[in-house]
Amino acid sequence: MPVTFDNTFLRDLPGDPEISARRRQVLGACWSRVEPTPVAAPTLLAHAPEVAELVGFTDADVTSDWFPRVFGGNALLPGMQPYAACYGGHQFGTWAGQLGDGRAITLGEVVTPAGARWELQLKGAGPTPYSRTADGRAVLRSSIREFLCSEAMHHLGVPTTRALSLVGTGEPVVRDMLYDGNAREEPGAIVCRVAPSFLRFGNFEILAARDDRVLLEQLVDFAIRRDYPHLHDAHPVREDASDAVRAEAAQERRAAFFREVCERSARMVVEWMRVGFVHGVMNTDNMSILGLTIDYGPYGWLEEFDPNWTPNTTDAAGRRYRYGQQPAIVQWNLVRFAQALQPVFTAPEALEAGLDAFLSTYDAAYEGMMAAKFGLAREGGVDDHAQTLMREGFGLLFDTHADFTRFFRALGDLPAVLPADASPRTLLGDVFYGEAVDAHTDRLGLWLRRWHAAVSATGEGPTARRARMHAVNPKYVLRNWLAQEAIDLAEQGDASRVHELLDLVRRPYDEQPGRERFDANRPDWARHKPGCSMLSCSS
């Protein structure tokens, strides 16, 4: 066990003096000590070998007796100091007050020999002071979804937290999945999540809401020092510097910090849009200061293209967190973050500049990304003709009920010469849902030929174009119905599909012969099956 812990969050920031899991308001503190609640029979169901290596665990560690006990909440390694963090948040646009780690417990911060820092956090490890009326546990289905999606997103190239392990607890958990009064017992599980930092906007919001300026200032400067050390080093201060010089350097660091959070958040959401990912619950307490995708709950990937689609049953009426609104919600959340930070800034201009940086970063990155998806990326930017083609292309995607992932993959596969009499179905294959495409065959056919002429005009051959487009358009995404199939088997004691999907998502851009069923339109049986279309926050 070569891992070394250096728990700076506990060492550098004040904690809750009470040591218990009693539910309470925690004031004047950033964290509360709480240990995982032991479970009956911790069993390792799956692990991500790349993450184990990243953190510093060997194959022998993973196969040892202690590994499932530690990551099932029954034991601690030397140096671990478990705690739950205090934070608040805006949920569905409304301030919700104190939230905190209600079913997440951080075990500690691992520091690797190379100097990388990784927080290890158990999700579903029992109650904490922030659990409110809940039990702090997680069911197997939601744990499988988080475990697989964390790794799927990483291999897609989307900024994300990672997942080390999936441990079955051997204990039932009672959940009402659809909130319809039909609660039932389900298998319990625990995921170990891994990230350089789990700090989120809500950690700062709760302090601002309580007018705790001193602690807010401490937390901001701590986040810069630990999670943005390059910004701390970029604004050095001599030991004999005056208070005024120190204050000015602090303001410069804080301005650079907020700006970079904005820029990272912009790039993160652009990547969501690229792969058709919908987070589903983009509350401010689910926004990472590192621009990572965190808290995988009712997420989903677009199947038939619909900018108004949300995977969250709780969001079904308002569709606040729908696919097409995600960039605007990230911006809204950043405004809330700016408002929380305002007490530690001497002038609002720095915060306004950060918000401006979000817009400029997003606009440039989104335009370039979409041009790459359509194979229309050019040096010097995207011209008006390409903009028109992309806009019309999305209109056709919507009207024809095309599968988002499969359409773009098929587009990249089109040959150097299009047969004169070939229909869109012949050219693209079965990438459509239902018969809607039949009403738009002529429009789509004309668009395909205009698109083909545009990408062919550069002289680039189809092989090079295919490689370029396939590098940004995945063949495989973790569709909800695929995850549900793995869940159904795992609930019967068979985790083999979890392992198969984990292997699949490691190479999402590659052709994987023999796995054609994982690259298919959603089957009819999955259209309305729970877990396969929309999901609840307990999913």
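Caption draft 1: Here's a closer look at the packing of helix α5 (residues 140-156) against helix α17 (residues 480-490). In contact at an axis separation of 10 Å, α5 and α17 are set at 130 degrees when each is read in the N-to-C sense. The orientation of α5 relative to α17 falls into the category oblique. Considering only the axes of α5 and α17, their crossing is right-handed. Packed against α5, whose contacting residues are L140, R141, I144 and R145, the element α17 presents N480, A483, A486, I487 and A490 at the interface.

Caption draft 2: Representation of the pattern of salt bridges. Enumeration according to the criterion identifies 47 salt bridges in this entry. Between R254 and E217 there is a salt bridge, with the nearest N and O atoms lying 2.9 Å from each other. Placement of the pair is R254 in helix α9 (residues 243-275) and E217 in helix α7 (residues 213-227), with a sequence separation of 37 residues. The buried category is assigned to R254, whose relative accessible area is 3%. You can call E217 partly exposed: its relative accessible area is 24%. Of the charged contacts, one joins D503 and R506 as a salt bridge, the two residues approaching to 3.5 Å between their closest N and O atoms. For D503, a relative accessible area of 27% translates into the label partly exposed. Through salt bridges that share partners, D6, R11, D12, E109, R117, E119, R225, R226 and D227 make up one connected network.

Caption draft 3: View of the packing of aromatic side chains. The full count for this structure, using the stated rule, is 33 aromatic pairs. Measuring from centroid to centroid gives 5.2 Å for F92 and Y321, while their planes differ by 35 degrees, and the two rings are tilted. Within this pair, whereas F92 is found in the loop between β5 (88-91) and β6 (94-98), its partner Y321 is found in the loop between β12 (300-301) and α10 (326-341), the two being separated by 229 residues in sequence. Between F374 and F394, the ring centres sit 5.4 Å apart and the planes meet at 85 degrees, which makes this aromatic pair edge-to-face. Of this pair, F374 sits in the loop between α11 (349-373) and α12 (384-400) while F394 sits in helix α12, and the two are 20 residues apart along the sequence. With respect to class, F374 is no different from F394; both count as buried.

Caption draft 4: Structural detail: helix α16 (residues 462-470). If you check which residues of α16 are buried, you get R465, M469 and H470. Angularly, the buried residues of α16 cover 120 degrees about the axis, an arc narrow enough to put them on a single face. On its buried face, α16 sits against α11, α13 (404-412) and α15 (441-456).

Caption draft 5: Region of the structure containing the nonpolar core. If you look at the biggest cluster of nonpolar residues, it comprises 164 residues, and the most contacted ones within it are F57, F71, L120, F257 and I289. With 12 residues, α9 is the largest single contributor of residues to this core. Contact partners of F257, with chain neighbours within four places excluded, come to V220, A223, I224, Y228, L231, I289, F337 and L341.

Analysis parameters
Residues numbered from 1 in each chain as written. Predicted model: local features only at pLDDT ≥ 70, side-chain atom pairs only at ≥ 80, totals over all residues. Heavy atoms only, no water. Axes fitted to C-alpha atoms, helices over the stretch in contact; angles between N-to-C directions. Helix = DSSP H or I, 4+ residues; strand = E, 2+ residues; numbered from the N terminus. Parallel < 35°, antiparallel > 145°, perpendicular 65-115°, else oblique. Left-handed = near helix turned anticlockwise from the far one by under 90°. Contact = heavy atoms within 4.5 Å. Salt bridge = Lys/Arg side-chain N within 4 Å of Asp/Glu carboxyl O. Buried < 20%, exposed > 50% of the residue type's maximum accessible area, 1.4 Å probe, protein only. Phe/Tyr/Trp six-rings, centres within 6.5 Å; stacked < 30°, edge-to-face > 60°. Arc of directions from axis to C-beta. Core = buried A, V, L, I, M, F, W, Y, C linked by side-chain atoms within 4.5 Å.

Everything listed here is a matter of geometry and, on its own, says nothing about what the molecule does.
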